[in-house]
Amino acid sequence: MAVNAVHTLRASTLFETLMALVIIVTCFGVGTMIYGNVMDSDSTVRSFNARQLMQQWAVQTHVNGTYFDETRQHAPFMLRKKINNNIMILQATLEGEVVATRKELIP
């Protein structure tokens, strides 16, 4: 008993092929954008941490009244405080690159 199984596949049209290609490319593009944003978020975390350290240092400066130029190493940041005409400028650098800057009036 021979089984004659002939299956015919319907050929896809050029339009269907192009639509599938557009969908695949769109998904790839969205995935690439998401990947790029996730990889760039590292700099956002670094600047957030630097701003938090500068905030703490500014509060300590106001509480202790230590209004003079100063430099601190707080791993991994180098923090600099400069007093200039009743303005306190705090700057955080990481490997020579300025990550965040904060300016405050001295009361």
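Definitions and limits used
Residues numbered from 1 in each chain as written. Predicted model: local features only at pLDDT ≥ 70, side-chain atom pairs only at ≥ 80, totals over all residues. Heavy atoms only, no water. Helix = DSSP H or I, 4+ residues; strand = E, 2+ residues; numbered from the N terminus. Rg over C-alpha atoms; globule rule 2.2 N^0.38 Å. Buried < 20%, exposed > 50% of the residue type's maximum accessible area, 1.4 Å probe, protein only. Contact = heavy atoms within 4.5 Å. Areas by Shrake-Rupley, 256 points an atom, 1.4 Å probe, with all protein chains shown as cover. Salt bridge = Lys/Arg side-chain N within 4 Å of Asp/Glu carboxyl O. Pairing = 2+ DSSP bridges. Axes fitted to C-alpha atoms, helices over the stretch in contact; angles between N-to-C directions. Phe/Tyr/Trp six-rings, centres within 6.5 Å; stacked < 30°, edge-to-face > 60°. Lys NZ or Arg CZ within 6 Å of the ring centre and 35° of its normal.

### A look at the overall build of the chain
The secondary structure content of the chain amounts to one helix and four strands. Counting from the amino terminus, helix and strand elements in the chain follow one another as α-β-β-β-β. Computed over C-alpha atoms, the radius of gyration of the chain comes to 29 Å, more than 25% over the 13 Å expected from 2.2 N^0.38 for 107 residues, which places it beyond the range of a compact globule. Its C-alpha atoms give the chain principal-axis dimensions of roughly 100 × 30 × 25 Å. Taken over 107 residues, the chain has a buried fraction of 17%. Sequence-distant contacts, at least 24 apart, represent 33% of the contacts inside the chain between residues at least 6 apart. Surface summary for the chain: the accessible area is close to 8500 Å², and the carbon and sulfur share equals 62%.

### Notes on the pattern of salt bridges
Side chains that differ in charge, positive against negative, can pair when their charged atoms come close. On inspection of all chains with the given rule, the structure shows three salt bridges. The shortest N-O distance in the salt bridge between Lys81 and Glu70 comes to 3.2 Å. Placement of Lys81 in strand 2 (residues 77–84) and of Glu70 in strand 1 (residues 70–74) is noted, with a sequence separation of 11 residues between them. Taking the relative accessible area as the measure of exposure, Lys81 reaches 2% and is therefore buried. For Glu104, the salt bridge is made with Arg102, and the minimal N-O distance between the two is 2.4 Å. By relative accessible area, which is 25% here, Arg102 ends up partly exposed. What emerges from the salt-bridge pattern is a single network uniting Glu70, Arg72 and Lys81.

### A word on the sheet that holds strand 3 (residues 87–94)
The antiparallel open sheet is built from four strands, whose spatial order is 1-2-3-4. The strands lining the two open edges of the sheet, one partner per strand, are strand 1 and strand 4 (97–105). In this sheet, adjacent strand axes meet at a mean angle of 15° when their direction is disregarded. The sheet contact formed by strand 2 and strand 3 spans seven bridges and is antiparallel. Each bridged residue has a counterpart across the sheet, and for Leu79 the counterpart in strand 3 is Ala92.

### Quick word on the packing of aromatic side chains
A complete count under the given rule lists zero aromatic pairs for this structure. Looking at Lys81, its charged tip hangs above the ring of Phe68, at a distance of 5.4 Å from the centre.

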